[in-house]
Amino acid sequence: MERPSWDEYFMQVVHLVKTRSTCLRRKVGAVIVKDKRILATGYNGAPVGCRHCEETGCLRQKLNVPSGERHELCRAIHAEQNAIVQAAKAGTSIDGSTIYVSAQPCVICAKLLINAGIIRIVFEGDYPDELSKELLDESGIELVRYGG
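All figures in this text were calculated on a predicted structure; none of them were measured in a lab.

Visitor: Sorry if this is basic, but what is going on with helix H4 (residues 79-90) here?
Guide: The α-helix winds at 3.6 residues per turn, so residues separated by three or four positions along the chain end up facing the same way. The terminal C-alpha atoms of H4, which comprises twelve residues, lie 17 Å apart, in line with the 16 Å expected from a rise of 1.5 Å per residue. Taken residue by residue, H4 has Ala79, Glu80, Gln81, Asn82, Ala83, Ile84 and Ala87 as its buried positions. Buried residues along H4 sit in contact with strand S1 (29-34), strand S2 (37-43), strand S3 (98-101) and helix H5 (107-116). Positive backbone phi, approximately 70 degrees, marks Gly91, located one or two places after H4.

Visitor: What is the right way to look at the pattern of salt bridges in this model?
Guide: When charged atoms on two side chains of opposite charge get close, those side chains can pair. For the structure on display, the rule yields five salt bridges. Residue Arg70 pairs with Glu72 through a salt bridge whose shortest N-O separation is 2.6 Å. On the basis of relative accessible area, Glu72 is assigned to the exposed category, the value being 51%. The salt bridge partner of Arg145 is Asp126, with a shortest N-O separation of 2.5 Å. With Arg145 in strand S5 (residues 142-145) and Asp126 in the loop between strand S4 (120-123) and helix H6 (130-139), this residue pair connects regions lying 19 residues apart in the sequence. One network of salt bridges, with partners in common, ties together Asp7, Arg120 and Glu142.

Visitor: What is the right way to read the packing of aromatic side chains from this model?
Guide: Between two aromatic rings, the relevant description is the distance of the centres plus the angle of the planes. By the definition in use, this model includes four aromatic pairs. Each ring, one from Tyr9 and one from Phe10, has its centre 5.0 Å from the other, and the planes form 65 degrees; the classification is edge-to-face. According to the relative accessible area criterion, Tyr9 is partly exposed, its value standing at 37%. Where Phe10 meets Tyr100, the ring centres are 5.3 Å apart and the plane angle is 40 degrees; that geometry is what we call tilted. Taken together, the residues Phe10 in helix H1 (residues 6-17) and Tyr100 in strand S3 connect sequence positions 90 residues apart. Of the two residues, Phe10 and Tyr100, both sit in the buried class. The rings of Trp6, Tyr9, Phe10 and Tyr100 are connected pair by pair, giving a single aromatic cluster.

Visitor: Just to check I follow, could you spell out the layout of surface pockets for this structure?
Guide: Over the atoms, a rolling probe the size of a water molecule traces out where space has been left empty. If you add up the space inside the largest pocket, you get close to 340 Å³. For the largest pocket, the lining is made up of 21 residues, of which Cys23, Arg26, Asn44, His78 and Tyr127 are closest to its centre. Residues of the lining of the largest pocket, tallied by class, amount to eleven nonpolar, six polar and four charged. Computed from the structure, the second largest pocket encloses a volume of approximately 240 Å³. Tyr43, Ala46, Val48, Asn82 and Gln86 are, among the 14 residues lining the second largest pocket, the residues nearest its centre. Elements that contribute at least two residues to the lining of the second largest pocket include exactly S2 and H4. Top element by residues in the lining of the second largest pocket is H4. It accounts for four residues.

Visitor: Hey, could you run me through the environment of Ile119 in this one?
Guide: Looking at the element boundaries, Ile119 is found in the loop between H5 and S4. Ile119 sits 20 residues away from Ser139 along the chain, and the two C-alpha atoms are 9.2 Å apart. Excluding anything up to four places from it in sequence, Ile119 contacts Gly96, Ser97, Ile141 and Glu142.

Visitor: Just to check I follow, could you spell out H1 for this structure?
Guide: Compared with an ideal rise of 1.5 Å per residue, which puts twelve residues at 16 Å, H1 spans 16 Å between its outermost C-alpha atoms and is within 8% of the ideal. Listed in full, the buried residues belonging to H1 are Asp7, Phe10, Met11, Val13, Val14 and Val17. Projection of H1 onto a plane perpendicular to its axis shows the buried side chains occupying an angular sector of 155 degrees, all on one side. Counted as exposed and oriented over 90 degrees from the buried face of H1: Gln12 and Leu16. Residues of H1 that are buried in the fold lie against S1, S2, S3 and S4.

Conventions and cut-offs
- Residues numbered from 1 in each chain as written.
- Predicted model: local features only at pLDDT ≥ 70, side-chain atom pairs only at ≥ 80, totals over all residues.
- Heavy atoms only, no water.
- Helix = DSSP H or I, 4+ residues; strand = E, 2+ residues; numbered from the N terminus.
- Expected span 1.5 Å × (residues − 1).
- Buried < 20%, exposed > 50% of the residue type's maximum accessible area, 1.4 Å probe, protein only.
- Contact = heavy atoms within 4.5 Å.
- Salt bridge = Lys/Arg side-chain N within 4 Å of Asp/Glu carboxyl O.
- Phe/Tyr/Trp six-rings, centres within 6.5 Å; stacked < 30°, edge-to-face > 60°.
- 1 Å grid on protein atoms, 1.4 Å probe; cavity = no way out; pocket = protein on both sides within 12 Å on 5 of 7 lines; lining within 4 Å.
- Points joined across faces, edges and corners; volume = space filled by probe spheres on them.
- Nonpolar A, V, L, I, M, F, W, Y, C, P; charged D, E, K, R; others polar.
- Arc of directions from axis to C-beta.

Put into structure tokens, the structure is as follows:
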């Protein structure tokens, strides 16, 4: 068996992390890495102590909200947001790091990643959010579509 590249390795970890997701529409995982070391992980789901969509049903589905729109109409926190929060809770700086994520970040996550000092985003899958792409391009963050 051939040894995976670092991008392959961390994307495999992303796919394991996303199995914890409680989202009914899209399961997403994120892993923040620096110097080939995992700093934090995150997946999308309800905030700590709140009921999951598996219990309450999906608000976005009930309201027919299209993917990529009206992010505030959701019980879940995105995987990238959860990873940033987990790093902050642990007192771990993510400045200068790479995030691996199973979907292109939305505009809210993009803005957080820019200000958190992420320098590289490796992602799979599209997300219908042109403003996200525009801000990430403008910020100078290296955006890499993973095709593994």
